[in-house]
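So the chains spell out like this:
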Amino acid sequence: MDSGSLERITRPSWSISVANDTIALDGKEWVVHTKGIYPEALAVTYRMRIEGDTVVNGRTCKKLHSHALDENRQEKYSIGYCYQEGSRFYVGNRLMFDFGLQIGDQFQINDFINYIVTDIGDTILADGISRKYLKLNPYEESQIITNVSDYWVEGVGSITLGIYGNDFYSAGMSIELRQCMYNDVIIYNTYDISSFVNE
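Now for the overall build of the chain. Each helix and strand in the chain was counted, giving zero helices and 14 strands. Helices (α) and strands (β) of the chain occur, in sequence order from the N terminus, as β-β-β-β-β-β-β-β-β-β-β-β-β-β. Counting across all 199 residues of the chain, residues that qualify as buried make up 45%. A sequence separation of at least 24 residues applies to 46% of the contacts in the chain between residues at least 6 apart.

Below you can see the structure in the form of structure tokens.
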């Protein structure tokens, strides 16, 4: 098995995903830990949960609740919104993930980072359900950067960075998705080595 790849199973048809799971469901929750590289930077743990509906510009969306807790126990709450249209998932009006991409398709993140889809397959995560994943690598000046990868998994988002994908990232920050849950059932757990094969 290639290093850094999710554990794969045989996919009966590329048009079928066993879970066919959407991200924008009440009860979906992510725990993400961030830490700056500078000594004065605080470590912050974010818990994001989708709960309830809201209407934005005539569109029915899901409320995205964010609770941040830093290492000094300072708390911050915010509420945003998200929605999913087919294979595309948005936070606010920003496209975060498109699970309809094919191998060779490019996706721009942060207005300056281009990713290219280098693999598509299925993986079984902590809840035992098969889900489609896309492997993406940064793409610069017609070169694929192979030592850095991200994985998007249906119903989860980015295995590396969670619901916000690389849009959450800023220079000098390390980010780790620690858990994804649905109605308090763990879908993905960083420390579950059976769900992800580390490089």
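So much for the structure itself; the text now carries on.
The next point concerns unusual backbone geometry. Phi at N183 takes a positive value of approximately 50°, unusual for a residue other than glycine. Looking at where N183 falls in the secondary structure, it is placed in the loop between β13 (173–182) and β14 (185–189). Here N183 falls in the partly exposed class, since its relative accessible area comes to 46%. In this model, D184 sits at a positive phi of 70°, which is unusual for a non-glycine residue. Looking at where D184 falls in the secondary structure, it is placed in the loop between β13 and β14.

This part covers the packing of aromatic side chains. We describe a pair of aromatic rings using the distance from one ring centre to the other and the angle between the two ring planes. By the definition in use, this model includes seven aromatic pairs. On the numbers, 5.2 Å between centres and 80° between planes, the contact of F97 with W152 is edge-to-face. Here the residue F97 occupies a position in strand β6 (residues 94–98), and W152 occupies one in strand β11 (residues 150–153), the gap between them amounting to 55 residues. Of the two residues, F97 and W152, neither departs from the other in class, the shared state being buried. A cation over an aromatic ring shows up here: K28 above the ring of Y182, its NZ or CZ 5.5 Å from the ring centre.

Further remarks concern the pattern of salt bridges. According to the stated counting rule, one finds nine salt bridges in the structure shown. One salt bridge in this structure joins E51 and R49, with 3.0 Å as the shortest N-O distance. Between R178 and E176 there is a salt bridge; the shortest N-O distance is 2.9 Å. A relative accessible area of 27% means that R178 is categorised as partly exposed. Taking the relative accessible area as the measure of exposure, E176 reaches 25% and is therefore partly exposed. In this structure, a network of salt bridges that share partners links the residues E29, R47, R49 and E51.

Here strand β7 (residues 106–109) runs beside strand β8 (residues 113–124); their pairing, made up of four bridges, is antiparallel. Its bridge partner lying in β8, Q106 is registered against I116. Bridging between β8 and strand β9 (residues 130–140) involves nine bridges; their strand directions are antiparallel. Bridge pairing links D122 to K132 in β9.

On the secondary structure map, D98 appears in strand β6. Accessibility expressed as a relative area gives 6% for D98, which makes it buried. Side-chain polar atoms of D98 contact the side chain of S87, separated by 2.9 Å. Polar side-chain contacts of D98 include one of 2.9 Å to the backbone nitrogen of G100. Apart from residues no more than four positions distant in its own chain, D98 is found in contact with S87, R88, F107, L134 and W152.

Here we take up the confidence of the model for the chain. Residues with a pLDDT of 70 or more make up 75% of the chain, whose mean pLDDT is 78. The least confident element of the chain is strand β10 (residues 143–144), whose mean pLDDT is 72; the most confident is strand β5 (residues 88–91), at 92. Between residues 1–18, whose pLDDT stays under 50, and residues either more than four places distant or in other chains, the model counts 42 contacts. Scored below 50 in pLDDT, residues 192–199 shows 23 contacts in the model against residues more than four places distant or in partner chains.

The rules behind each value
Residues numbered from 1 in each chain as written. Predicted model: local features only at pLDDT ≥ 70, side-chain atom pairs only at ≥ 80, totals over all residues. Heavy atoms only, no water. Helix = DSSP H or I, 4+ residues; strand = E, 2+ residues; numbered from the N terminus. Buried < 20%, exposed > 50% of the residue type's maximum accessible area, 1.4 Å probe, protein only. Contact = heavy atoms within 4.5 Å. Phe/Tyr/Trp six-rings, centres within 6.5 Å; stacked < 30°, edge-to-face > 60°. Lys NZ or Arg CZ within 6 Å of the ring centre and 35° of its normal. Salt bridge = Lys/Arg side-chain N within 4 Å of Asp/Glu carboxyl O. Pairing = 2+ DSSP bridges. Polar contact = N/O pair within 3.5 Å; in protein donor to acceptor, adjacent residues only side chain to side chain. pLDDT = per-residue confidence, 0-100.

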